[in-house]
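Breakdown of the fold
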Amino acid sequence: MTRPRPDVTPNTWDFLRDAMIVPTGFREYDARWKYPDQINLPGITALGLGLGTQMHARGIAPVIAVANDYRDYSLSIKNALMLGLMQAGIAVKDIGPAVSPMAYFSQFHLDVPAVAMVTASHNPNGWTGVKMGFERPLTHGPDEMSELRDIVLEGRSVPRPGGAYEFVDGVREAYLDDLVGDFRMTRKLRVVCATGNGTASAFAPELFERIGVEVIASHNRLDYTFPHYNPNPEAMEMLHDMADSVRATGADFALGFDGDGDRCGVVDDEGEEIFADKVGVIMARDLSKIYPGATFVADVKSTGLFASDPVLIKNGVRADYWKTGHSHMKRRVKELGALAGFEKSGHYFLAEPIGRGYDCGLRVAVEICKLMDRNPGLSMSDLRRALPQTWATPTMSPYCADTEKYAVLDRLVAKLVAKHKAGEPLAGCPIKEVVTVNGARVILDNGSWGLVRASSNTPNLVVVCESAQSEAEMRAIFADIDAVIRTEPLVGDYDQTI
């Protein structure tokens, strides 16, 4: 096969004929490009052919479920991908438009080994990509992604006969039935359902109504121009909008979903934005009463409370901090037999007997409603206030080019490790250790910490800080971490900051 080219100019003859793929789109656990600047439709077809070739090489049965999110170009992307898969001799089961967890669900529901979900997740319009996996409920990690990249970019894809196409209807209804089960609320709840006009708009309002929750609609009309904000419940813009809706309506809380429905964000009845890692601690407290001695995995961006919270300690919880990223977290939850995994981004991985181990924002929403039903005398703000107080930043992402960010991060990690070895303080406090499993998490003697890592999906670094002492210390930690970051001239401005 001909190797894809990294630079074919749009509006040329070659652009309509030759595969164009910028190599940096093959990321740690997703494939993600700006379209059509970094990949064209023949490039997407080459990706599908490569994915099918990878399935054959790994001995995966040649059947795959394929879906797309609700963006104006996602159907074209999916069609081009399916063409490549069929060229590779793969039988494609097209389940239509979907949230990512519906695609993961279809692997179980249709009993197929592989999945490919066309989505840019929470990235703004102009991005596209594919989330894919062979071993349910897992998705491609760094090994699978680098193998796929080499197959595609080195022109090692192999066309085969036997490809087929089938459109499979009814998966959306089966997915919703699975989420609802036999659960119905026994307490009255009024919930702001915030979908940012994204794909979850076609699922979340109906789901809430079916379990007996009164829905207060917030941008629930499907509109792929995203006229109000980009649906991303880690972004303060969406959280502030959710908080305004709660205050205006007197709702019990707000639940918000990202562009492909695999993440959930929470704002309580007082309009307080509860970052997703803290919601994870609230859920872990509740679940550990039912399942004492459970193991919970948290990503390195998350609060230290999973390890230090007295209620979790009393319930015998084992906390495991692991690499950020949905593929890393899914794999770790499965490896450890954990009950759940929690990411600060709002990806939660609820395993048996609660879920199937993949990240599903709608499953999380149902489980939050069940939690509230089990605690009828408590509000969401009561549950928030019951946690030990810490002060945390939102996730902040300074620009750093994809081609530079990992080298920049290596230098930053070395500088922070050297700071520790030299006995230098951070925010006036001694450094206890620097955990380098995923970037550098600088942990202070008092339990406060600051993190810098590279984003796996966008040209950014990622910075998060948390103080167990005060807002002032949290700001001081950020100032000192940022001072180290600013020694690298290739790092640009933040998307949001404190």
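Since we're looking at a predicted model, the values are computed, not measured.

Cut-offs and rules
- Residues numbered from 1 in each chain as written.
- Predicted model: local features only at pLDDT ≥ 70, side-chain atom pairs only at ≥ 80, totals over all residues.
- Heavy atoms only, no water.
- Helix = DSSP H or I, 4+ residues; strand = E, 2+ residues; numbered from the N terminus.
- Contact = heavy atoms within 4.5 Å.
- UniProt positions renumbered as here; feature names shortened; annotations may be inferred.
- Pairing = 2+ DSSP bridges.
- Axes fitted to C-alpha atoms, helices over the stretch in contact; angles between N-to-C directions.
- Parallel < 35°, antiparallel > 145°, perpendicular 65-115°, else oblique.
- Left-handed = near helix turned anticlockwise from the far one by under 90°.
- Nonpolar A, V, L, I, M, F, W, Y, C, P; charged D, E, K, R; others polar.

The next subject is the environment of Trp322. Relative to the helices and strands, Trp322 is located in strand S13 (residues 318–322). Remark: the alpha-carbon pair of Trp322 and Arg17, spanning 305 residues in sequence, is separated by 43 Å. Once residues lying within four places of it in the same chain are set aside, the contact partners of Trp322 are Val297, Ala298, Asp299, Val300, His328, Met329, Arg332 and Val437.

The UniProt record annotates "domain: Alpha-D-phosphohexomutase alpha/beta/alpha" (unreviewed entry) at residues 25–154, 174–271 and 277–389. Secondary structure over residues 277–389 splits into 48% helix and 14% strand, and the C-alpha atoms at its two ends are 13 Å apart.

As summarised here, the arrangement of the 6 strands in space is S1-S5-S4-S2-S3-S6, forming an open sheet in which the pairing is mixed. Both outer strands of the open sheet, strand S1 (31–34) and strand S6 (164–167), are each paired with one neighbouring strand and no more. Each strand axis lies, on average, 20 degrees off the axis of its neighbour in the sheet, ignoring direction. With respect to the sheet, helix H3 (residues 74–87) is in contact with strand S2 (63–68), strand S3 (91–97), strand S4 (114–118), strand S5 (127–133) and S6, its orientation differing from that of S2 by roughly 165 degrees.

Before going further, it helps to examine the UniProt feature "domain: Alpha-D-phosphohexomutase C-terminal" (unreviewed entry) in the protein chain. On the UniProt side, "domain: Alpha-D-phosphohexomutase C-terminal" (unreviewed entry) is annotated at positions that read residues 431–483 here. In residues 431–483, the share of helix is 25% and the share of strand is 43%. The end C-alpha atoms are 16 Å apart.

What follows is about the packing of helix H2 (residues 41–57) against helix H5 (residues 142–153). Running from N to C, H2 and H5 cross one another at 120 degrees; their axes reach a closest spacing of 9 Å. The angle between the axes of H2 and H5 places the two elements in the oblique class. The interaxial crossing formed by H2 with H5 has right-handed handedness. Between H2, through Ala46, Leu47, Gly50, Leu51, Thr53 and Gln54, and H5, the contact on the second element is made entirely by Glu144, Glu147, Leu148, Ile151 and Val152. Classifying every residue of the contact of H2 with H5 gives 6 nonpolar, 3 polar and 2 charged.

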